[in-house]
Amino acid sequence: MKKRPQLTGRAAILAVVVCAIAMSLAYPVREFVAQRRLIAQLEHQQAQALKDLQELGERGRQLSDREYLARLAKSRLHFCEAGEKCIVVRDTSKKAARPQAGATPSPSPPWYQTLWESVEAADRGTGRRAEPARTPAP
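Predicted model only: the values in this text are computed from it and were never measured. (Residues numbered from 1 in each chain as written. Predicted model: local features only at pLDDT ≥ 70, side-chain atom pairs only at ≥ 80, totals over all residues. Heavy atoms only, no water.)

1. Details of the overall build of the chain
Next, step 1: A tally of regular secondary structure across the chain gives three helices and zero strands.
Next, step 2: From first element to last, N terminus to C terminus, the chain shows the α and β order α-α-α.
Next, step 3: By the burial criterion, 5% of the 138 residues in the chain qualify as buried.
Next, step 4: Working note: accessible area of the chain is about 13600 Å², and carbon and sulfur atoms make up 60% of it. (Helix = DSSP H or I, 4+ residues; strand = E, 2+ residues; numbered from the N terminus. Buried < 20%, exposed > 50% of the residue type's maximum accessible area, 1.4 Å probe, protein only. Areas by Shrake-Rupley, 256 points an atom, 1.4 Å probe, with all protein chains shown as cover.)

2. So, a nonpolar patch on the surface
Next, step 1: A cluster of nonpolar side chains, I13, V17, I21, L25, V29, F32 and V33, forms an exposed patch at the surface whose accessible area comes to about 650 Å².
Next, step 2: Position of V29 relative to the elements: it lies in helix 1 (residues 9-63). (Patch = residues over 30% accessible without salt bridge, like charges linked within 9 Å, V, L, I, M, F, W, Y side chains within 5 Å. Salt bridge = Lys/Arg side-chain N within 4 Å of Asp/Glu carboxyl O.)

3. Considerations on the packing of aromatic side chains
Next, step 1: A complete count under the given rule lists one aromatic pair for this structure.
Next, step 2: Residues W111 and Y112 carry aromatic rings whose centres are separated by 5.9 Å and whose planes lie at 80 degrees to one another, so their mutual orientation is edge-to-face. Here the two residues W111 and Y112 agree in accessibility, since each one is exposed. (Phe/Tyr/Trp six-rings, centres within 6.5 Å; stacked < 30°, edge-to-face > 60°.)

4. Considering helix 1
Next, step 1: Taking 1.5 Å of rise per residue, the 55 residues of helix 1 would be expected to cover 81 Å, and the 81 Å separating its terminal C-alpha atoms lies within 8% of that figure.
Next, step 2: Maximal helix bending in helix 1 amounts to about 30 degrees, located at A26; proline P28 follows within four positions. (Expected span 1.5 Å × (residues − 1). Bend = angle between axes of the 7 residues up to and from the residue.)

5. Comments concerning the state of the cysteines
Next, step 1: Inspection of the entire model under this criterion finds one disulfide.
Next, step 2: Through a disulfide, C80 is tied to C86; the S-S separation comes to 1.9 Å.
Next, step 3: Overall, C80 belongs to the partly exposed group, its relative accessible area being 32%.
Next, step 4: What makes C86 partly exposed here is its relative accessible area of 35%. (Disulfide = S-S within 2.5 Å.)

6. Description of the pattern of salt bridges
Next, step 1: Evaluation of the coordinates by the stated rule reveals two salt bridges.
Next, step 2: Taking the shortest distance from any N to any O, the salt bridge between R61 and E58 comes out at 3.2 Å. One end of the pair, R61, and the other, E58, are both in helix 1, three residues apart, so they sit about a helical turn from each other.
Next, step 3: Relative accessible area serves as the criterion here: at 39%, E58 is assigned to the partly exposed category.

See below:
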């Protein structure tokens, strides 16, 4: 008895046909999946745009309300209506050094003198930097 080969001609043709069908379907399936993903993204963008539109519509309704605008002007712009007493409290927690009334400020040298002193100090190697009090205010 003659032994039959493992791979017959029919099996080889069948394998080639199956591979050809798989190759011909791979691109359309990939495009289908990509289009479904794009559709999902566009639906999400549309939902976000509708949400933004509703928020802007609500904001427009608020801005058309005169009472809301009055509250907004009072809180943000410290607006006072006629006959109303308004008090604004300043934050005094930061204590800035303010010159005393009648005190004369100490004269500061010109900027170029301070610069030249710094250059000379660097040349001597002492490394003395110009003091901030001696530099002029911008």
